[in-house]
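Fold and contact review
What follows is each chain in one-letter form.
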Amino acid sequence: RQGIPGQPGLQRFRDGRFTTIPLTDYEIENDVLCALEDREGNIWVGTRHDGLVRLSRRQVAAYTARNGLLSEHVLSVCAPRPGVAFVGTTKGLHEIRDELAIPLPVSSEYDRTTSCSVLADPRGSVWDARGGPVISHFSDGIRHGRSVVSEAEGFSRVFHALYLSDRGSMFAGF
């Protein structure tokens, strides 16, 4: 299926060529900022101002302010287990469960900052990188630790990316 050049869409690379999955069919009119295919084959698409969309063979589900997102500017998504996703937005981290977007509890001004990158480790814990710079660790929706990296340690920029290697190391990019 061919998309319209210059229109919002998701590119699929297979067998040496790109094809466009047009997203205007799903009422997405803004840029795609992140995408993920989960273990069940759902494709999660985060957008600049249209929230999060889950594309599956059975249905399309949209997550916006109507479902509980505090911001429809989605920067990252991870899906650690079936039926659950975590979404990083410009107003913090949300858990998607039972068709609702639930903002995770906040306890400080750092928790209200942009959640730039979110990832799940093999144990199902979720790691959230934010401005500040801050990295938080959650499991079962409960924060178990927050690591604030200070300017005194030589870090004064925002974390933009998290990556977990096959060998168990986590990398944080500025």
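Residues numbered from 1 in each chain as written. Predicted model: local features only at pLDDT ≥ 70, side-chain atom pairs only at ≥ 80, totals over all residues. Heavy atoms only, no water.

**As for the sheet that holds strand β5 (residues 52–55)**
This is how it is decided: Only when DSSP finds a minimum of two bridges between them are two strands counted as paired. Every helix listed is a DSSP run of H or I at least four residues long, and every strand listed is a run of E at least two residues long, numbered separately from the N terminus. Axes, fitted as lines to C-alpha atoms, cover a helix only where it is in contact. Angles between the N-to-C directions of the axes lie from 0 to 180 degrees.
Pairing is antiparallel across the open sheet formed by 4 strands, whose spatial order is β3-β4-β5-β6. Of all the strands in the sheet, the pair left with one neighbour each is β3 (32–37) and β6 (60–63). In this sheet, neighbouring strand axes are inclined to one another by 15 degrees on average, regardless of whether the strands run parallel or antiparallel. The pairing of β5 with β6 spans 4 bridges and is classified as antiparallel. Looking across to β6, one finds that Leu 55 is bridged to Val 60.

**Concerning the pattern of salt bridges**
Pairing between side chains of opposite charge can happen when the charged atoms of each approach one another. Applied cut-off: By definition here, a salt bridge exists when the distance from a side-chain nitrogen of Lys or Arg to a carboxyl oxygen of Asp or Glu is within 4 Å. The rule is simple: take the accessible area with a 1.4 Å probe, protein chains only, and divide by the maximum for that residue type; under 20% is buried, over 50% is exposed, in between is partly exposed.
If you walk through the whole model with that rule in mind, you get 4 salt bridges. Arg 48 is the partner of Asp 31 in a salt bridge, and the nearest nitrogen-oxygen pair spans 3.3 Å. Here Asp 31 is found in the loop between β2 (17–22) and β3, whereas its partner Arg 48 is found in the loop between β4 (43–47) and β5, with 17 residues between them in sequence. Given a relative accessible area of 40%, Asp 31 falls into the partly exposed group. Taking the shortest distance from any N to any O, the salt bridge between Glu 99 and Arg 54 comes out at 3.5 Å. One end of the pair, Glu 99, is in the loop between β9 (92–97) and β10 (100–103); the other, Arg 54, is in strand β5, and 45 residues separate them in sequence.

**Regarding the pairing of strand β15 (residues 161–164)**
With 4 bridges connecting them, β15 and strand β16 (residues 170–173) associate as antiparallel partners. Considered in β16, the bridge of Tyr 163 is made with Phe 171.

**A short note on the nonpolar core**
The tendency in soluble globular proteins is for nonpolar side chains to be buried as a group. Convention followed: Residue types Ala, Val, Leu, Ile, Met, Phe, Trp, Tyr and Cys, when buried and joined through side-chain atoms within 4.5 Å, form a set referred to as a nonpolar core.
Trp 44, Leu 52, Tyr 63, Val 77 and Ile 96 are the most contacted members of the largest nonpolar core, which has 13 residues in total. Looking at this core, the elements with two or more residues in it are β6, β7 (74–81) and β8 (84–89). At 3 residues, the largest contribution of residues to this core is made by β7. Counting residues in hydrophobic clusters, the runner-up holds 8 residues, among them Cys 78, Leu 93, Leu 104 and Val 118.

**Digging into the packing of aromatic side chains**
Selection criterion: Working definition: a ring pair exists when centres of Phe, Tyr or Trp rings (six-membered ring for Trp) sit within 6.5 Å. Plane angles under 30 degrees give stacked, over 60 give edge-to-face, the rest tilted.
Counted under the stated rule, the structure contains 3 aromatic pairs. Centroid distance Phe 13 to Phe 18: 4.8 Å. Interplanar angle 55 degrees. Geometry classified as tilted. Phe 18 matches Phe 13 in its accessibility class, with the two residues each being exposed.

**Some details on the environment of Gln 59**
How we decide: Any two residues whose heavy atoms approach within 4.5 Å are treated as being in contact.
Along the polypeptide, Gln 59 turns up in the loop between β5 and β6. Here Gln 59 falls in the partly exposed class, since its relative accessible area comes to 40%. Excluding anything up to four places from it in sequence, Gln 59 contacts Arg 54 and Glu 99.

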